[in-house]
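Chain and residue survey
Chain residues, written in single-letter form:
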Amino acid sequence: MAALTPRAVFVTRETDYELLIARHATRGQARFFLESRGQELDAVEARHARFHAVLAEARAAVPGAWRQALVRRGDLDRFLFAADDVVVAVGQDGLIANVAKYLGAQPVIGVNPAPDLYDGVLARNPVERLARLLPASAAGAAGIERRTMVEAVIDGAERLFALNEIFVGHRSHQSARYRIEAGADSEEQSSSGLIVASGTGATGWARSIAEATRLDLSLAPDERAVGYWVREPFPSLTTATRLRAGRLTDAPLVVTSRMNEGGVVFADGIEQDFLGFGWGRQVRIAPADRALHLVIG
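Within any chain, residue numbers begin from 1 and follow the written order of that chain's sequence. Two thresholds apply to this predicted model, a pLDDT of at least 70 for residue-level local features and 80 or more for giving and counting side-chain atom pairs, whereas whole-chain, interface and lining totals are computed over all residues. With hydrogens and water excluded, all non-hydrogen atoms of the structure serve as input to the side-chain values.

Looking up the chain in an unreviewed UniProt entry gives the name ATP-NAD kinase, with the organism given as Methylorubrum podarium.

Quick notes on the overall build of the chain
To qualify as a helix, a DSSP run of H or I must reach at least 4 residues; to qualify as a strand, a run of E must reach at least 2; elements of each kind are numbered from the N terminus. When its secondary structure is counted, the chain shows six helices and 16 strands. Taken against the 2.2 N^0.38 rule, which gives 19 Å for 297 residues, the C-alpha radius of gyration of the chain at 21 Å falls within 12% of a compact globule. Oriented by its inertia axes, the alpha-carbon framework of the chain measures out at about 65 × 55 × 35 Å. Only protein chains enter the accessibility calculation, which uses a 1.4 Å probe; a residue whose area is less than 20% of its type maximum is buried, one above 50% is exposed, and one in between is partly exposed. When burial is assessed residue by residue, the chain has 48% of its 297 residues classed as buried. Taking contacts inside the chain between residues at least 6 apart in sequence as the whole, the part at least 24 apart equals 69%. Using a 1.4 Å probe, the Shrake-Rupley method yields the accessible areas, and only the shown protein chains count as cover for residues. Accessible surface, the chain as shown: approximately 14200 Å² in total, 50% of it carbon and sulfur. This radius of gyration counts C-alpha atoms alone. The globule rule is 2.2 Å times how many residues there are, raised to the power 0.38. Between two residues, a contact is recorded if the distance between any of their heavy atoms is within 4.5 Å.

Thoughts on the pattern of salt bridges
Put simply, a salt bridge is a Lys or Arg side-chain nitrogen that is within 4 Å of an Asp or Glu carboxyl oxygen. The final tally for this structure, using the stated rule, is 23 salt bridges. Here R72 makes a salt bridge to E18, at a shortest N to O gap of 3.3 Å. Taken as a pair, R72 in strand β2 (residues 67-72) and E18 in helix α1 (residues 16-24) lie far apart in primary sequence, 54 residues in all. Looking at R72, the relative accessible area reads 26%, which means it is partly exposed. When the shortest N-O distance is used, the salt bridge between E145 and R124 registers 3.5 Å. Of this pair, E145 sits in strand β5 (residues 144-154) while R124 sits in the loop between β4 (107-111) and α5 (130-138), placing them 21 residues apart in sequence. Each member of the salt-bridge network shares a partner with another, and the members are E14, E18 and R72.

Side note on the packing of helix α2 (residues 27-35) against helix α3 (residues 41-60)
Only the contacting stretch of a helix is used when fitting its axis, a line to C-alpha atoms as for every element, and angles between N-to-C directions run 0 to 180 degrees. Following both chains from N to C, one finds α2 and α3 inclined at 130°, their axes separated by 9 Å at the closest point. Relative to α3, the element α2 lies oblique. Of the residues in α3, those in contact with R27, R31 and L34 of α2 are L41, D42, V44 and E45. Amino acids outside the nonpolar list (Ala, Val, Leu, Ile, Met, Phe, Trp, Tyr, Cys, Pro) and the charged list (Asp, Glu, Lys, Arg) are all regarded as polar, and Gly is one of them. Along the lines of polarity and charge, the residues of the contact of α2 with α3 split into three nonpolar, no polar and four charged. Our angle categories are set so that under 35 degrees counts as roughly parallel, over 145 as roughly antiparallel, 65 to 115 as roughly perpendicular, and the remainder as oblique.

Regarding the nonpolar core
We call a set of buried Ala, Val, Leu, Ile, Met, Phe, Trp, Tyr and Cys residues a nonpolar core when their side-chain atoms join them within 4.5 Å. Among the nonpolar cores identified, the biggest contains 27 residues, and I166, V168, L194, V196, Y228 and L253 are the most heavily contacted of them. Sort the elements by how many residues they give to this core and strand β8 (residues 176-182) lands first, with four residues. Excluding residues within four positions of it along the chain, V168 makes contact with G193, L194, V255, V264, V265, F277, V283 and I285. Counting residues in hydrophobic clusters, the runner-up holds 23 residues, among them F81, A100, L103 and M149.

Structural notes on the side chain of D93
By the element assignment, D93 lies in helix α4 (residues 93-100). The charged-residue count follows a simple rule in which Lys and Arg add positive charge and Asp and Glu add negative charge, with His and chain termini not counted at all. Among buried charged residues, D93 stands out as having no salt bridge; its nearest opposite-charge side chain is R124, 7.3 Å away. Polar contacts involving the side chain of D93 include one to the main-chain amide nitrogen of L122, which spans 2.8 Å. In contact with D93, other than residues within four places in its own chain, are D119, G120, V121, L122 and A123. In protein, a polar contact means a hydrogen-donor-capable atom and an acceptor-capable atom, both N or O and within 3.5 Å, with residues adjacent in sequence counting only if both atoms are side-chain atoms; elsewhere, any N or O pair within 3.5 Å suffices.

Examining the sheet that holds strand β7 (residues 165-170)
Strands pair, by our definition, only if DSSP identifies at least two bridges between them. An order of β12-β11-β10-β7-β14-β15 is seen for the six strands of this open sheet, with the pairing classed as antiparallel. Each having just a single partner strand, β12 (245-248) and β15 (274-276) make up the two edges of the open sheet. Strand-to-strand twist across the sheet, computed as the mean angle between neighbouring axes with direction ignored, equals 20°. As paired strands, β7 and strand β14 (residues 263-267) are joined by five bridges and run antiparallel to one another.

Things to note about the packing of aromatic side chains
Side-chain rings of Phe, Tyr and Trp (the six-membered ring for Trp) are treated as a pair once their centres are within 6.5 Å; stacked means planes under 30 degrees apart, edge-to-face means over 60, and tilted covers the remaining angles. Inspection of every chain in the model, using the stated rule, returns three aromatic pairs. Where F79 meets F81, the ring centres are 4.8 Å apart and the plane angle is 70°; that geometry is what we call edge-to-face. Residue classification places F81 among the buried positions, given a relative accessible area of 11%. Ring centres of F167 and F266 lie 4.8 Å apart, and the angle between their planes is 25°; on these two criteria the pair is classed as stacked. Linking F167 in strand β7 with F266 in strand β14, this pair joins segments that are 99 residues apart in sequence.

Quick word on the pairing of β12
The alternating pattern of β12 places G246 and L248 on a buried face and A245 and R247 on a face that is not buried. In the sheet, strand β11 (residues 226-230) pairs with β12 via four bridges, with the strands oriented antiparallel. Following the sheet pairing, V226 is matched in β12 by L248.

Regarding unusual backbone geometry
You will see that A25, though not glycine, has its phi angle at about 80°, which is positive. Inspection of the secondary structure puts A25 in the loop between α1 and α2. With a phi close to 50°, D268 is a non-glycine residue in the positive phi region. Position of D268 relative to the elements: it lies in the loop between β14 and β15.

Shown next as structure tokens:
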């Protein structure tokens, strides 16, 4: 029996234009909605057309003998990736974080469809490189950057993976109560929640917290280390604020919930995809055994 040819899996998300049409049903109604608020549909529609032109060019770059699949961000949790897939994320950097948690060692090529609009820290490749990068990735000949991910394990069973960060706190971002353990140190805390970020995530949400608190940590994207930051810890008779930030390498951060309702753990800012974190539940957060295999050339 002949071996299957490689498969290129394209990952996208809806454009702003597609979301507007889904909300307002027709192009005319979408136009009326925007124009009644002093905005124009033409620019949104032009970005939509530009994106799909890049996507069509990307799909045309796939070798003729290969198989192809297309999956939207909202369907990732139902899509079955194969071990030998080459994943192509066409969009903003956040799309790569969205797909990373569903992968093992599959190579991921980030294609930036609009370099003048998106930073392209992760989605750094123009579509013109794809014809070369696809066969090189399948053959294991492409340059790979192995970016550390974060893993959260609740009560030894439920797991979440994140490329950027794991959030632990209350779903409304009001006061969260919990016990935090970092190595041999521990304390009860009340705060706006905490995040544990990788070196990739340290340039995003974690960076804003670090700059506001002046608690900066040095984290490289490829080192097996993550950092934690506590948001606005509040001192009281029963809660302390000593454990505000720190690096984690071998020992996990252990957090035990003191919340009767509303406690959540979620990954990479996807608040609706959470695990419940009610009173007595315990989460252990550390660098994950898996990493994002980001194709860099």
